[in-house]
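Here is how the chains run, residue by residue.
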Amino acid sequence: MNTKVLRIAAALATATVAVGALAGCSGGTAGGDSTGDAASGTYTWWDPYPQHAEDSDWAKRVQDCGTEAGVTIQRTAYDTTALTNQALLSAQDGTSPDVILIDNPAVSTLADTGMLSTTEELGLDTSKIDENLLAAGVLDGKTYGIPIGANTLALYYNADVLSAAGVDPSSVTDWASLDAALAKVAAAGKKGITFSGINTEEGSFQFLPWFWGAGADLTDLSSPEAVEAVTLWKNWLDKGYAPNSVITNSQNTVWEEFLTGDFGFAENGTWQVNSAAKAPFKTGVIELPAKDGGAAPAPTGGEFIVAPVQKDTARYETTRKIIECMTTPEGFVDTANTFAYYIPPTEEGQKQLLTEHPDLKTWVSAVQAAKGRTSDNLGTKYPLISEQLWTAVQNVLSGAQSPEQALDAAQTAAKSATSK
């Protein structure tokens, strides 16, 4: 068995760990033939949007980019987790599609197997893509795709609850001011904040803004800064600012709790913008605060458009045209409008989006401050580290271990797992 096949087999064993953190990104599973027909001008495209049928605006956009490139696109949609597995299997079988839209933490997983072409090999210009967003597709100094947009986390608030408690949301600029706001909300008889601390990738996803906002680094889970971050969450439970349900909350559950109208704040993502607008109370959103002020880096969600390696290298020219069609400033805004919650990954695209939707200003700022989970060249190490992180958070929130004990154990386990 050659090295590439071994890497693919290893990747298949762990592919489900770092995907599926975001609500609203995918639904059921649809299948289809994975091979394109060059002779008939057919190119294959896989994406994680089975909820968008062939008569949807999204599917029409994909076909329009094929038409512009002079070919027909054969689109297949999979559930997010299934897509990663199918991509790895197709590389093993030699049946990879021409284009894949893949959840950004999985880019490193696919790239590490050698199944993806680099943007340099394809002749794609990434110079205008925001560096913090592009970083999720970088492994060992090479870039393996382009983000079609990004979503991230912020703090939604119930304006009625905050007003009754005498809290000005603009005053929440650091951890101390957030704690003060939560105390006022609790004193007014409401619940302060809800979030997702579940023992899955969603738990890590929601904890990372506080972890990074304290100045902690994923290469050292037991640092004093990491202890400060998990202590912040634990204190919220101990003071009654957050309910015990956060220990098992998914992000969907967090949102359901927030919509009851009983909470001052809820940590959730860009994908809830439309739901927030329809809530039976007035809502608003602020960026997640870092410990000492300013916006905390929140993890980026969203997909990258990548091109698997093909035996017939003549296909790459058309593949490049399809990708370029999807990643123009106008294309980024079209994606944002189609999905309602994707922020363009370029300054030009963000400005154009804000011209149409000025109410998304906070989300644009949050995305500009965001950080990829696999950034800092963590690549395929990230899922292993993340699992230890969410385990530590669970142990602290449940009272099974102190912050120091839980994070020391997490660091030891993460170091062992990533050194193999």
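Position numbers for residues count from 1 along each chain, tracking the sequence in the order it is written. Per-residue local features of the predicted model are confined to residues with pLDDT of at least 70, and side-chain atom pairs are confined, for both listing and counting, to 80 or more; whole-chain, interface and lining totals are unaffected and use all residues. To obtain the side-chain values, all non-hydrogen atoms of the structure were used and water was disregarded.

### Examining the pattern of salt bridges
Two side chains of opposite charge can pair, provided their charged atoms sit close to one another. By definition, a salt bridge exists where a carboxyl oxygen of Asp or Glu is found within 4 Å of a side-chain nitrogen of Lys or Arg. A complete count under the given rule lists 11 salt bridges for this structure. Among the ionic pairs, E228 bridges to K291, the shortest N-O distance being 3.6 Å. Taken as a pair, E228 in helix α10 (residues 224-238) and K291 in the loop between β10 (283-286) and β11 (303-306) lie far apart in primary sequence, 63 residues in all. Through salt bridges with shared partners, one network takes in D47, E54 and R75. Secondary structure is summarised from DSSP: a helix means a run of H or I of at least four residues, a strand means a run of E of at least two, and numbering begins at the N terminus for each.

### Regarding helix α8 (residues 175-187)
In this model α8 runs 18 Å from its N-terminal to its C-terminal C-alpha over 13 residues, within 8% of the 18 Å that 1.5 Å per residue would give. Looking at the buried positions of α8, the neighbouring elements they touch are β7 (153-158), α7 (159-165), β8 (191-194), α9 (201-213), α10 and β9 (263-269). Polar contact is defined as a pair of N or O atoms within 3.5 Å, subject to the rule that within protein one atom must be able to donate a hydrogen and the other to accept it, and that residues adjacent in sequence are counted only when both atoms are side-chain atoms. One side-chain oxygen of the residue at the start of α8 lies 3.4 Å from the amide nitrogen of A176, identifying that residue as D174. Multiply 1.5 Å by the residue count of a helix minus one, and that product is the helix's expected span. Should any heavy atoms of two residues lie within 4.5 Å, those residues are counted as being in contact.

### So, the side chain of S204
Structurally, the position occupied by S204 is in helix α9. Think of it in three bands: with a 1.4 Å probe and only protein chains considered, a residue is buried below 20% of the maximum accessible area for its type, exposed above 50%, and partly exposed in between. In this structure S204 comes out as buried when scored by relative accessible area, which is 1%. Beyond its immediate sequence surroundings of up to four residues, S204 is in contact with Y382, S386, L389 and W390.

### So, the nonpolar core
Across soluble globular proteins, you tend to see nonpolar side chains buried next to one another. Buried Ala, Val, Leu, Ile, Met, Phe, Trp, Tyr and Cys residues form a nonpolar core when they are joined through side-chain atoms within 4.5 Å. In this structure, W45, F211, L218, W236 and F265 are the most contacted members of the largest nonpolar core, which totals 83 residues. In terms of residues, this core owes the most to one element, α10, which gives eight residues. Core analysis: the next-biggest nonpolar cluster, separate from the first, contains 21 residues, A150, A154, A279 and L353 among them.

### Some remarks on the packing of aromatic side chains
Pairing of aromatic side chains requires ring centres within 6.5 Å, counting the rings of Phe and Tyr and the six-membered ring of Trp. Pairs whose planes differ by under 30 degrees are stacked, by over 60 edge-to-face, and all others tilted. Evaluated as defined, the whole model comprises 17 aromatic pairs. Both rings, one in Y156 and one in W255, keep their centres 4.7 Å apart while their planes meet at 65°; by these two values the pair is edge-to-face. With Y156 in strand β7 and W255 in helix α11 (residues 251-258), this pair connects stretches of sequence that are 99 residues apart. The two residues Y156 and W255 agree in class, both being buried. Seen in terms of ring centroids, F207 and W233 are 5.1 Å apart; in terms of plane orientation they differ by 70°. Their pairing is edge-to-face.

### Quick look at the environment of R61
Relative to the elements of secondary structure, R61 occurs in helix α2 (residues 57-68). On the accessibility criterion, R61 (12% relative accessible area) is buried. Spatially, the C-alpha atom of R61 lies 16 Å from that of F304, the residues being 243 residues apart in sequence. Dropping the residues within four chain positions of it, R61 is found in contact with M326, G331, D334, T335 and T338.

### Quick notes on the state of the cysteines
What counts as a disulfide here is a pair of cysteine sulfur atoms lying within 2.5 Å. Within this structure, the stated rule accounts for one disulfide. Across a sulfur-sulfur distance of 2.2 Å, C65 and C325 are joined as a disulfide pair. Looking down the S-S bond of the C65 and C325 bridge, the torsion is -75°, so its handedness is left-handed. Of the two residues, C65 sits in helix α2 while C325 sits in helix α13 (residues 316-326), which places them 260 residues apart along the sequence. Accessibility assignment for this pair places C65 and C325 in one class, buried.

### A word on the sheet that holds β8
Strand pairing requires that DSSP identify at least two bridges connecting the strands. As summarised here, the arrangement of the four strands in space is β8-β9-β7-β10, forming an open sheet in which the pairing is mixed. Every interior strand has two partners, whereas the edge strands, β8 and β10, have only one. Between one strand axis and the next, the sheet turns through 25° on average, direction left out of account. The sheet contact formed by β8 and β9 spans three bridges and is parallel. Axis lines are fitted through C-alpha atoms, for helices just across the contact stretch, and the angle between N-to-C directions can take any value from 0 to 180 degrees.

### Let's talk about the packing of helix α14 (residues 329-339) against helix α15 (residues 347-356)
At a minimum axis distance of 9 Å, the contact between α14 and α15 shows a crossing angle of 50°. Here α15 runs oblique to α14, going by the angle between their axes. α15 is crossed by α14, and the crossing has right-handed handedness. Two secondary-structure elements touch here, α14 through P329, E330, V333, A336 and N337 and α15 through E348, G349, Q352, L353 and E356. By the definition adopted for this analysis, an angle is roughly parallel if under 35 degrees, roughly antiparallel if over 145, roughly perpendicular if from 65 to 115, and oblique otherwise. Crossing handedness: left-handed means the near helix sits turned counterclockwise from the far one by under a right angle, and right-handed means the same turn made clockwise.

Interpretation note: all reported values are geometric properties and have no functional meaning in isolation.
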